[in-house]
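Here are the chains, one letter per residue:
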Number of protein chains: 2
Amino acid sequence: MRVLLVEDDAELRRRLSERLAGVGLAVDCAANAADARDWPDVDQMAAVILDLGLPDGDGLDLLRDWRRRGILVPILILTARGNWRDKVEGLNAGADDFIVKPVRFEELQARLHALWRRGAGRSATVLTAGRVAVDPAAQTATLDGALLDLSRKEFALLHLFVRRPGHIIAQDEILEQLYALDEERDRNAVEALVSRLRRKIGREAIRTLRGLGYRLEVTP
Amino acid sequence: MRVLLVEDDAELRRRLSERLAGVGLAVDCAANAADARDWPDVDQMAAVILDLGLPDGDGLDLLRDWRRRGILVPILILTARGNWRDKVEGLNAGADDFIVKPVRFEELQARLHALWRRGAGRSATVLTAGRVAVDPAAQTATLDGALLDLSRKEFALLHLFVRRPGHIIAQDEILEQLYALDEERDRNAVEALVSRLRRKIGREAIRTLRGLGYRLEVTP
DNA sequence: GACAGATTGTCAGGCTGATGTCAGCTTGGT
DNA sequence: ACCAAGCTGACATCAGCCTGACAATCTGTC
């Protein structure tokens, strides 16, 4: 689960990225529109959080540019309080949702989850697969209804699996989704993480497909 | 527990906000309808106290505007004595209760508590979770039935926990709920507060989830 | 208004759990 | 049998958290 945060205010950028990371997301940051414009793999992101009040080149231009290039990534815009015009133009330019500054993190998180639910065409807040259920909003997961005691990274990994139960997920994909660009990590980190998660949800729950990746088993 | 106070009279605003803060509420203040209209997260407030006698743009308009936008926050209006018309129109426009100036603080407090009891759809005045019980109206809390000796901030924190027992509450959320916007506080203040509360209700009652927040345990 | 006591933020230092890394082992495929 | 890929126990590191001590502030009382 990676998001790109485009925000010029260093302090806000720091705070938001820390909290987003805190709920298990991998966060890439861009400090201005120019940097963001040619960001690699924007369309691979789970979402983009875009501040419209950027100094250089309007955030709106960036937004329009992306959409013109066919980039369909969910975009959530930030606007200053009372900037109704920005909001309306932003939504017209192809933003998916907006949020008013000052940002309450819980609201941001809720709107991100709403975007993903919408995007994934799911209506349920709680994702389930086999014996496992994940509640992204409450940051909890259960096995056969019993609360699991997972660390942040373990939760993020399980969340990733549950979003595509039964699908093969490559190690490299896990690396990309769980770590930001500036964190260089070994594949072995993923193996260790999988190992720890297996210890908690059962060895058989996650099947290894040599050379391909992992798969969350849906049939107990 | 945050409230928004919309009041143009600086003296009354000061006095009320101080007393509200005095009973452990975080108070945000707006001096006129324009400021209040686009207040961020009005709907996250526990209540709004709205003076109908505002100079710019009528308070009634503000009220109607909010309700039209689907903002369901409990609103308590202040009116000058004898302004029956205001009262009636206010309640018709979607206010939840009114109070006549000059304001007796005890009455204000009582009406706020009544609003919350109603709003929460709870019939009980007392909220309980595990061995802990909190009575917001009486500003008291008990552990296994024995009265706890809590300071205001400790009480406010416990109240916050008890309203969502078993849920994870982030440090930042505690910061937002216990302190008004203009009070910059360190996360360590929260840690210290949690530490003090734990000393009184038991170390195990509040579980730490590293990187996520705290959780009030419901099972002893 | 001055004092005592309580409250609460701040600081510093210590503790702990989460997580990456390593090394040696196991497994599966050819 | 061999080798590459994956697994996992052990360990190190460090961010996040705890808490005692202190200081500043608030509260109530005389």
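So, here is what we can say about the structure in this document. Here the structure is a predicted model, which is why all the values come from computation and not from measurement.

**Brief notes about the overall build of chain A**
Here comes step 1: A tally of helices and strands in chain A yields eight helices and 12 strands.
Here comes step 2: Here chain A holds 220 residues, and 50% of them are scored as buried.
Here comes step 3: In chain A, 56% of the contacts between residues at least 6 apart in sequence involve partners at least 24 apart.

**As for the protein's contact with DNA strand C**
Here comes step 1: Near DNA strand C there are 21 residues, and of these A:Ser151, A:Arg196, B:Ser151, B:Arg196 and B:Arg210 occur at the shortest range.
Here comes step 2: Here DNA strand C approaches the protein such that, of its atoms within 4 Å, sugar and phosphate make up 57%.
Here comes step 3: A:Lys153 has a polar backbone atom sitting 3.3 Å from a phosphate oxygen of DNA strand C.
Here comes step 4: Taking A:Asp186, its main chain carries an N or O atom lying 3.5 Å from a phosphate oxygen of DNA strand C.
Here comes step 5: A per-element tally of the surface near DNA strand C places helix H8 (residues 187–201) of chain B first, with four residues.

**Focus on the environment of B:Arg152**
Here comes step 1: Within the secondary structure, B:Arg152 is located in helix H6 (residues 152–163).
Here comes step 2: Sequence separation of B:Arg152 and B:Gly24 is 128 residues, and the distance between their C-alpha atoms is 5.4 Å.

**Examining H6(B)**
Residue and element names in this part refer to chain B.
Here comes step 1: Between the first and last C-alpha of H6 there are 16 Å, a value that for 12 residues agrees with the 16 Å anticipated at 1.5 Å per step.
Here comes step 2: The buried fraction of H6 amounts to nine of the 12 residues, a majority that puts the element mostly inside the structure.
Here comes step 3: Turning to H6, its buried residues are Glu154, Phe155, Ala156, Leu157, Leu158, His159, Leu160, Phe161 and Val162.

**Quick look at the protein's contact with DNA strand D**
Here comes step 1: Residues in contact with DNA strand D amount to 29 residues; listed here are only the nearest, A:Arg198, A:Thr208, B:Arg198, B:Thr208 and B:Tyr214.
Here comes step 2: Within 4 Å of the protein, the contacting atoms of DNA strand D are 62% sugar and phosphate, with bases supplying the remainder.
Here comes step 3: Taking A:Thr208, its side chain carries an N or O atom lying 2.5 Å from a phosphate oxygen of DNA strand D.
Here comes step 4: When grouped by side-chain class, the residues that make up the surface near DNA strand D number four nonpolar, 10 polar and 15 charged.

**Looking at unusual backbone geometry**
Here comes step 1: Notably, B:Asp144 is not glycine yet its phi reads approximately 55°, a positive angle.
Here comes step 2: Its location among the elements puts B:Asp144 in the loop between strand E8 (140–143) and strand E9 (146–147).

**A word on the sheet that holds E8(B)**
All names here are of chain B.
Here comes step 1: Read from one edge to the other, the open sheet built from four strands follows the order E6-E7-E8-E9, with strand pairing classed as antiparallel. Every interior strand has two partners, whereas the edge strands, strand E6 (127–129) and E9, have only one.
Here comes step 2: Relative to E8, strand E7 (residues 132–135) runs antiparallel, the two being bridged by four bridges. Across the sheet, residue Val134 finds its bridge partner in E8, namely Ala141.

**Quick word on the pattern of salt bridges**
Once their charged atoms are close, side chains differing in charge can pair, the charge on each being opposite to the other.
Here comes step 1: What the rule picks out here adds up to 18 salt bridges over all chains.
Here comes step 2: When the shortest N-O distance is used, the salt bridge between B:Asp172 and A:Arg19 registers 3.1 Å. Linking B:Asp172 in helix H7 (residues 171–178) with A:Arg19 in helix H1 (residues 10–22), this pair reaches from one chain into another.
Here comes step 3: For A:Arg19, a relative accessible area of 14% puts it in the buried group.
Here comes step 4: Between A:Asp172 and A:Arg187 there is a salt bridge whose closest N-O contact spans 2.9 Å. Here A:Arg187 lies in helix H8 (residues 187–201) and A:Asp172 lies in helix H7 (residues 171–178), a separation of 15 residues in the sequence.
Here comes step 5: On the basis of relative accessible area, A:Asp172 is assigned to the partly exposed category, the value being 39%.
Here comes step 6: Beyond isolated ion pairs, a larger network of salt bridges with shared partners links A:Glu11, A:Arg14 and A:Glu18.

**Side note on the interface of chain B and chain A**
Here comes step 1: Across the boundary between the two partners, chain B contributes 18 residues, which contact 17 residues of chain A.
Here comes step 2: Between the two partners, chain B and chain A, sit two salt bridges.
Here comes step 3: For the pair chain B and chain A, the interface holds two residue pairs in polar contact (both at pLDDT 80 or more).
Here comes step 4: When residues in the side of chain B that touches chain A are grouped by element, the largest group, four residues, is from H7(B).
Here comes step 5: In terms of residue class, the side of chain B that touches chain A is built from five nonpolar, three polar and 10 charged.

**Notes on the nonpolar core**
Here comes step 1: Counting 50 residues, the largest nonpolar core has A:Leu20, A:Leu108, A:Leu158, A:Phe161 and A:Ile174 as its most contacted members.
Here comes step 2: It is helix H6 (residues 152–163) of chain A that provides the largest number of residues to this core, a total of seven residues.
Here comes step 3: Look past the residues within four positions of A:Ile174 in its chain and what remains in contact with it is A:Leu157, A:Leu160, A:Phe161, A:Ile169, A:Val190 and A:Tyr214.
Here comes step 4: Within the second largest apolar cluster, 29 residues are counted, among which are B:Ala129, B:Ala141, B:Phe161 and B:Val194.

**Structural notes on the pairing of E8(B)**
Residues and elements named next belong to chain B.
Here comes step 1: Direction of pairing for E8 relative to E9: antiparallel, over a ladder of two bridges. Each bridged residue has a counterpart across the sheet, and for Thr142 the counterpart in E9 is Leu147.
Here comes step 2: Here E8 folds back onto E9 in antiparallel fashion, the turn holding two residues, of which Asp144 has a positive phi close to 55°.

**Some thoughts on the environment of B:Val103**
Residues and elements named next belong to chain B.
Here comes step 1: Along the chain, Val103 falls in the loop between strand E5 (97–101) and helix H5 (105–119).
Here comes step 2: Classification of Val103 as buried rests on a relative accessible area of 15%.
Here comes step 3: Between the C-alpha atom of Val103 and that of Ala80, which follows or precedes it by 23 residues, the distance is 9.5 Å.
Here comes step 4: In contact with Val103, other than residues within four places in its own chain, are Leu16, Leu78 and Leu108.

**Examining helix H1 (residues 10–22) of chain B**
Spacing of three or four residues puts side chains on the same side of an α-helix, whose turn is 3.6 residues.
Here comes step 1: Between the first and last C-alpha of H1(B) there are 18 Å, a value that for 13 residues agrees with the 18 Å anticipated at 1.5 Å per step.
Here comes step 2: B:Gly24 sits one or two positions beyond H1(B) and adopts a positive phi of about 90°.

About the cut-offs
Residues numbered from 1 in each chain as written. Chains lettered and ligands numbered in written order. Predicted model: local features only at pLDDT ≥ 70, side-chain atom pairs only at ≥ 80, totals over all residues. Heavy atoms only, no water. Helix = DSSP H or I, 4+ residues; strand = E, 2+ residues; numbered from the N terminus. Buried < 20%, exposed > 50% of the residue type's maximum accessible area, 1.4 Å probe, protein only. Contact = heavy atoms within 4.5 Å. Near = heavy atom within 4 Å. Polar contact = N/O pair within 3.5 Å; in protein donor to acceptor, adjacent residues only side chain to side chain. Expected span 1.5 Å × (residues − 1). Nonpolar A, V, L, I, M, F, W, Y, C, P; charged D, E, K, R; others polar. Pairing = 2+ DSSP bridges. Salt bridge = Lys/Arg side-chain N within 4 Å of Asp/Glu carboxyl O. Core = buried A, V, L, I, M, F, W, Y, C linked by side-chain atoms within 4.5 Å.

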